[in-house]
Amino acid sequence: MKYAIITGASRGLGASAAQQMLAEGIHVISVSRNENSSLKQAAEKAGAGYIHHSCDLSSEVQVQSVFTAIAADVFKNAEAVYVINNAGVIEPIDMTGELDSSLVQTNVQVNLTAPILISNLFLQKAKETGTRVIIANVTSGAGERPIQGWSIYCSTKAAVNMFTMTAGLELENSGSSSKVIAFSPGIMDTDMQVTIRSSSEESFADVDTFRNYKESGSLRSPDTVAGALVKLVLADNLENGKIYKVNDLL
Ligand SMILES: NC(=O)c1ccc[n+]([C@@H]2O[C@H](COP(=O)([O-])OP(=O)(O)OC[C@H]3O[C@@H](n4cnc5c(N)ncnc54)[C@H](OP(=O)(O)O)[C@@H]3O)[C@@H](O)[C@H]2O)c1
């Protein structure tokens, strides 16, 4: 059986990716705080397996216990395991000096610590069981350039990129059949953009540019972007450690 473990599948890009994995007949394991009820119906329609695990990815204890349980299940009989580390938060949006320390901690835990812990656990199981594991870390163009007011988001996405490149190098040099890549989705019409547009100009100098993206119809639909992501992770020729950009794939 093939399994796709998708974090943040309750909405946005993660929900679209889960729908499209199910349509490919792949068993989907969704991980987020809330469940998207339409995934169960999509699974029934596609005749594919589906299970949801409620997990707050900002809690290391919950991440370790939920993903240890998932690994115990999937590595019994998996032919291939796809992990999409998609869940993410943009907040805090504010100038350094004004940052809320609890939002800083949550951002680092959800955007960076959780993908690292999940990758570490699944690559360990891949080695133990000889199973091929494909990990896609969803990143952002913000990880490659500074954006005023987004210091924590830019930092965690930059760190995700470096983690991906390093883990990819290690896998390549060890002759493993597993892969770790990153995927940069571009700007999409999701709740994260709603949060960005609701920022004040004092906190986020470019807020008007992002309001214009919505008004001018420049935001891609998460379904379109998920199509590129799912096609990418299911392809045979992935390059370990590479940061794939949606604009090069569509
Ligand atoms: N939207 C864009 O324009 C854009 C651009 C570049 C990169 N990205 C990246 O693309 C990915 C998906 O973004 P999106 O726009 O689809 O975001 P979104 O619509 O805001 O959805 C975020 C997802 O992350 C989950 N999540 C957030 N905090 C969590 C927590 N503490 N524990 C568990 N799950 C949590 C949410 O689930 P629950 O609330 O149910 O827990 C939700 O499913 C993110 O990594 C984001 O950084 C987005």
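Residues numbered from 1 in each chain as written. Predicted model: local features only at pLDDT ≥ 70, side-chain atom pairs only at ≥ 80, totals over all residues. Heavy atoms only, no water.

Per UniProt, the protein chain carries the Sequence similarities (unreviewed entry) text "Belongs to the short-chain dehydrogenases/reductases (SDR) family." In the Subcellular location (unreviewed entry) part of its UniProt record, the protein chain is described as follows: "Cytoplasm". (UniProt positions renumbered as here; feature names shortened; annotations may be inferred.)

Q: In this structure, what is going on with the sheet that holds strand 4 (residues 80-85)? I would like to understand it.
A: Within a sheet, each strand pairs with its neighbour through backbone hydrogen bonds, oriented either parallel or antiparallel. Reading across the sheet, the 7 strands line up as 3-2-1-4-5-6-7 and stay open at both edges, with parallel pairing between neighbours. On the outer flanks of this sheet lie strand 3 (50-54) and strand 7 (243-245), each paired with one strand and no other. Taken pair by pair, the neighbouring strands of this sheet meet at an average axis angle of 20 degrees, ignoring direction. In this sheet, strand 2 (residues 27-32) lies alongside strand 1 (residues 2-7) in parallel orientation, the contact comprising 5 bridges. The residue of strand 2 that forms the bridge with Ile6 is Ser30. Each of strand 1, strand 2, strand 3, strand 4 and strand 5 (132-138) touches helix 1 (residues 12-23); the most contacted strand, strand 1, lies at about 170 degrees to it. On top of the sheet, helix 3 (residues 60-74) reaches strand 1, strand 2, strand 3 and strand 4; it is set at about 175 degrees to strand 2, its chief contact. (Pairing = 2+ DSSP bridges. Helix = DSSP H or I, 4+ residues; strand = E, 2+ residues; numbered from the N terminus. Axes fitted to C-alpha atoms, helices over the stretch in contact; angles between N-to-C directions. Contact = heavy atoms within 4.5 Å.)

Q: When you look at the pairing of strand 3 in this model, what are you seeing that I'm missing?
A: Both faces of the sheet carry side chains from a regular strand, because those side chains alternate between them. Two strands pair when backbone bridges link them, and strand 2 and strand 3 are joined in this way by 5 bridges, in the parallel orientation. Paired with Ser30 across the strands is His52, a residue of strand 3. Between the parallel elements strand 2 and strand 3, the chain passes through helix 2 (residues 37-46) in a crossover that is right-handed. (Right-handed = clockwise from strand over helix to strand, strands pointing away.)

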